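Chains, contacts and geometry: an overview
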Amino acid sequence: MSNKIIFSGVQPTGEIHIGNYLGAISQFVSNQDEYKSIFSIVDLHAITIPQNPKELLNRTRQVLAIFLASGIDPTKNIIFNQSQVAEHTQLAWILNCTARVGWLNRMTQFKDKAGKNKENASIGLYTYPILMAADILLYSASHVPVGDDQKQHLELARDIAHKFNTDYDTDIFRLPEPLLNKSSTRIMSLRDGSKKMSKSDISEYSRILMTDSNDEITIKIKKAKTDSMNMPSSSEEAGNRPEIENLLNIYCACSGESKDIIISDFSGKEISSFKNELTKVIISIVEPIAIKTKELLNDQDYLDNILKKGSDNARQIAKQKIKDLYKIIGMSE
Ligand code: TYM
């Protein structure tokens, strides 16, 4: 296996939105020629909160279809559903014995997701970052493209890898680095510039889905919350106006233009004229992906074959890692 290895995962919960695409999936695509890449649709992570069994597999297929429609090449990369490679849970147990309770207690995503109802959250939701560490460490990933919300989990994966290596005097685990997309590492809700765009937000106007029609995108951007001033004339001014800053970030990430150029192009103009242009650049990204996704979803056998092949390939790598680990831990010779 080449030295530069990417691993990343996306949960098949809710529908994939433009935050997932700009923060993570677009990076999967742009890095696939440079890195050996392994992408997992992490259904074991999904069940940390209740999922409808009748929908889960279709949601997995939908994430796969969006991966492919976005340009991930299934012949070059490994794409698989996590539950089909049992070694993930096997390694997660071993890492449960390395990770410290104090480390997990610091994870902010658990606090956000469990909210006030912490006592009633599943244990899986609490230990979720350990499964995530297992995903990454199993494949010796050097880099992990993710949005900013996963950075803390990645640091935990590094801490676990380092402690295991030290405890057992080995270098079996490689310490992974995050790959963050500068302008889109944290896309915010269209309804509230202080909240991350999220699959689970109750307002569907808070996010643009990668399967939205052009009309839906137009309405969502029209309704996107902003202040009532004209467009900012400097990045400092934009930085003090979170909703506008977020829309500018989306514009930059979709168009590939630098923020300074966009700010100077729209400086002092009405927000509505910026929103019209923003709608166009978003549609230029989402429309072809939405069309292709729909097409791909008509061919379930094709999608299932990719997952099957991907799981078989992933399992081969994972099995070897567990074999090596068992020797190190003293479970086999
Ligand atoms: P998930 O499914 O919540 O999100 C998938 C990817 O999208 C990124 N993302 C965002 N990026 C920018 N702005 C946003 N508003 C936004 N919302 C989500 C996420 O950072 C992520 O990269 N724990 C992971 C899944 C996972 C994983 C892994 C990732 C499991 N094992 C191993 C990397 C490596 C998660 O829940 O992602």
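Residues numbered from 1 in each chain as written. Predicted model: local features only at pLDDT ≥ 70, side-chain atom pairs only at ≥ 80, totals over all residues. Heavy atoms only, no water.

**Digging into the pairing of strand 2 (residues 36–41)**
Selection rule: The buried label goes to any residue with under 20% of its type's maximum accessible area, the exposed label to any with over 50%, and the partly exposed label to all in between, with areas taken from a 1.4 Å probe on protein chains only. Counting from the N terminus, the helices are the DSSP runs of H or I reaching at least four residues and the strands are the DSSP runs of E reaching at least two. Convention used here: a crossover is right-handed provided that the path from the first strand, over the helix, to the second strand proceeds clockwise when the strands point away from the viewer. Any two strands are treated as partners once DSSP identifies two or more bridges connecting them.
In terms of burial, strand 2 is a largely internal element, five of the six residues being buried. Handedness of the β-α-β unit built from strand 1 (residues 5–10), helix 1 (residues 18–31) and strand 2 comes out right-handed. With four bridges connecting them, strand 2 and strand 3 (residues 78–81) associate as parallel partners. Across the sheet, residue Ile41 finds its bridge partner in strand 3, namely Asn81.

**Describing the pairing of strand 1**
Burial within strand 1 is extensive, with five of its six residues counted as buried. Of the strand pairs in this sheet, strand 1 and strand 2 are connected by six bridges, and their pairing is parallel. What sits directly across from Phe7, in strand 2, is Ile38.

**Looking at the domain arrangement of the protein chain**
Note the following rule: Domain extents, as shown, originate in an automatic or database domain assignment. Contact definition: two residues touch when any of their heavy atoms are within 4.5 Å. Throughout, buried area stands for the accessible area (probe radius 1.4 Å) lost by two parts on being put together, summed over both. Each salt bridge in this description consists of a side-chain nitrogen of Lys or Arg and a carboxyl oxygen of Asp or Glu lying within 4 Å of one another.
In terms of domain boundaries, the protein chain breaks down into domain 1 (5–185 + 299–329) and domain 2 (204–294). Computed over C-alpha atoms only, the centres of domain 1 and domain 2 are separated by 30 Å. The interface of domain 1 with domain 2 comprises 13 residues on the first partner and 16 residues on the second. With both sides pooled, the region where domain 1 packs onto domain 2 buries about 1,200 Å², and carbon together with sulfur makes up 76% of that total. The three residues of domain 1 that bury the most area against domain 2 are Ile18, Ala69 and Ser183, which together make up 41% of that side's buried surface. Remark: the boundary between domain 1 and domain 2 carries zero salt bridges. Residue assignment for the side of domain 1 that touches domain 2 shows that the elements contributing at least two residues are helix 1 and helix 3 (53–70).

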